[in-house]
Amino acid sequence: MGGATWLLVVASVAVAATAGVFVAFSTFVMRALGDLPPADAVRAMQAVNRRAPSPAFMALLVGSTLLAVAGAVGAVVTGGRVVPAVAAALLAVVAFAVTGVVNVPLNDRLAATDPSDGARAWPAYAGPWTRANHARAGLGLLSALLLAVAAVPA
């Protein structure tokens, strides 16, 4: 297996791992927080958001996107499976963009929220944040699948 193929495999695993974090939030974390009183949900998510930009998670989030793009470039350069590799990279970039355009601004707004205003703030946050997170999860999973397809020799 050549270097470009290995890059696609590693990118696929990294993108899938990132998507897995998003899937966890979409399938049970946000629901569990929604079961709490709104002030407690706000406090809990504020705590999560303070911890989320850890070096390990940021390396995974940014690194997986860069690996997907590098995998696509490698496929183009080596004449590999260009279409799935480029499509995967685009999906990974869009998932990353959703994070920056939707989820992070919502997190920043929630960070400035007094938990005592949770009855108003939590529904305004949780619905849009979770919908955007569903998109990130789906885009990431599809990207990981396409990266794996691109890694299989034609």
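Residues numbered from 1 in each chain as written. Predicted model: local features only at pLDDT ≥ 70, side-chain atom pairs only at ≥ 80, totals over all residues. Heavy atoms only, no water.

Draft legend 1. Seen up close, empty space enclosed by the protein. Evaluation of the coordinates by the stated rule reveals one cavity of 30 Å³ or more. Estimated volume of the largest cavity: approximately 90 Å³. Tallied by class, the residues present in the lining of the largest cavity amount to seven nonpolar, four polar and one charged. (1 Å grid on protein atoms, 1.4 Å probe; cavity = no way out; pocket = protein on both sides within 12 Å on 5 of 7 lines; lining within 4 Å. Points joined across faces, edges and corners; volume = space filled by probe spheres on them. Nonpolar A, V, L, I, M, F, W, Y, C, P; charged D, E, K, R; others polar.)

Draft legend 2. Geometry of the pattern of salt bridges. A full pass over the atoms with the stated rule returns two salt bridges. Salt-bridge contacts for D40 lead to R43; the nearest nitrogen and oxygen are separated by 3.8 Å. One end of the pair is D40 and the other is R43, both in helix α2 (residues 38-51) and three residues apart, which spans about a single turn. Take D40: its relative accessible area is 34%, and that puts it in the partly exposed class. On the accessibility criterion, R43 (44% relative accessible area) is partly exposed. D117 serves as the salt-bridge partner of R120, at 2.7 Å between the closest nitrogen and oxygen. (Salt bridge = Lys/Arg side-chain N within 4 Å of Asp/Glu carboxyl O. Helix = DSSP H or I, 4+ residues; strand = E, 2+ residues; numbered from the N terminus. Buried < 20%, exposed > 50% of the residue type's maximum accessible area, 1.4 Å probe, protein only.)

Draft legend 3. Focus on the side chain of Q46. Inspection of the secondary structure assignment puts Q46 in helix α2. Here Q46 falls in the buried class, since its relative accessible area comes to 11%. One polar contact links the side chain of Q46 to the main-chain carbonyl oxygen of L110, over a distance of 2.8 Å. Apart from residues lying up to four places away in sequence, Q46 is in contact with L110, A111, T113 and P115. (Polar contact = N/O pair within 3.5 Å; in protein donor to acceptor, adjacent residues only side chain to side chain. Contact = heavy atoms within 4.5 Å.)

Purely geometric stuff here, so don't read any function into it on its own.
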